[in-house]
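Summary of structural features
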Amino acid sequence: MARKKFNLIPDDEVGPSPPRKKKAAFDNPLEQTRSGRRKAARVAGRKTDAAGRIRKTIFLDPVTIDEIEAIAEAEGYRKMDFYEWLVLVGLQQFDRGMRPQVVDEPVVKARIRIDR
């Protein structure tokens with residue numbers, strides 16, 4: 001049988017506990033630690049993995065997915081690391097001036113032409 005715990009100190013002798021000061025998530029903007037990235041992501045309302053990366057869902061052609069996964073397996077890369085590397089290389093190419101061809105159609109957003 002479990003024993004009940006009782007507070008033996010009268011309520012008037014126990015003062016209210018001082019309010020806790022919350023440490024701001026962005027006290028040090030240069031904080032580049034893994035926990036700092038997690039705190040920043042949590043404040044922004046994003047879930048992260050152990051490496052501090054944020055999940056983003058995209059749609060790819062099944063043939064493209066199969067090709068990427070086959071290369072990653074053949075070379076011994078982890079799939080998610082290889083996907084991230086491909087995106088980073090694509091961003092580098094974009095920064096160097098490489099641009100996708102745009103299909104000219106009267107739409108609100110331009111569509112990118114992808115040759116398969």
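Residues numbered from 1 in each chain as written. Predicted model: local features only at pLDDT ≥ 70, side-chain atom pairs only at ≥ 80, totals over all residues. Heavy atoms only, no water.

Segments scoring low in pLDDT should not have their predicted coordinates read at a detailed level. With 58% of its residues at a pLDDT of 70 or more, the protein chain has an overall mean of 77. Across the protein chain, the secondary-structure element scoring lowest on mean pLDDT is helix H1 (residues 34-43), at 64, and the one scoring highest is helix H2 (residues 62-75), at 96. (pLDDT = per-residue confidence, 0-100. Helix = DSSP H or I, 4+ residues; strand = E, 2+ residues; numbered from the N terminus.)

On to the pattern of salt bridges. The tally for this structure, following the rule as stated, stands at 5 salt bridges. With its nearest N and O atoms 3.0 Å apart, the salt bridge here joins arginine 53 to glutamate 84. Here glutamate 84 lies in helix H3 (residues 79-95) and arginine 53 lies in the loop between H1 and H2, a separation of 31 residues in the sequence. Given the relative accessible area of 34%, glutamate 84 is considered partly exposed. The partner of glutamate 69 in a salt bridge is lysine 79, with the nearest N and O atoms 3.8 Å apart. Placement of glutamate 69 in helix H2 and of lysine 79 in helix H3 is noted, with a sequence separation of 10 residues between them. Classification of lysine 79 by relative accessible area gives partly exposed; the value is 43%. (Salt bridge = Lys/Arg side-chain N within 4 Å of Asp/Glu carboxyl O. Buried < 20%, exposed > 50% of the residue type's maximum accessible area, 1.4 Å probe, protein only.)

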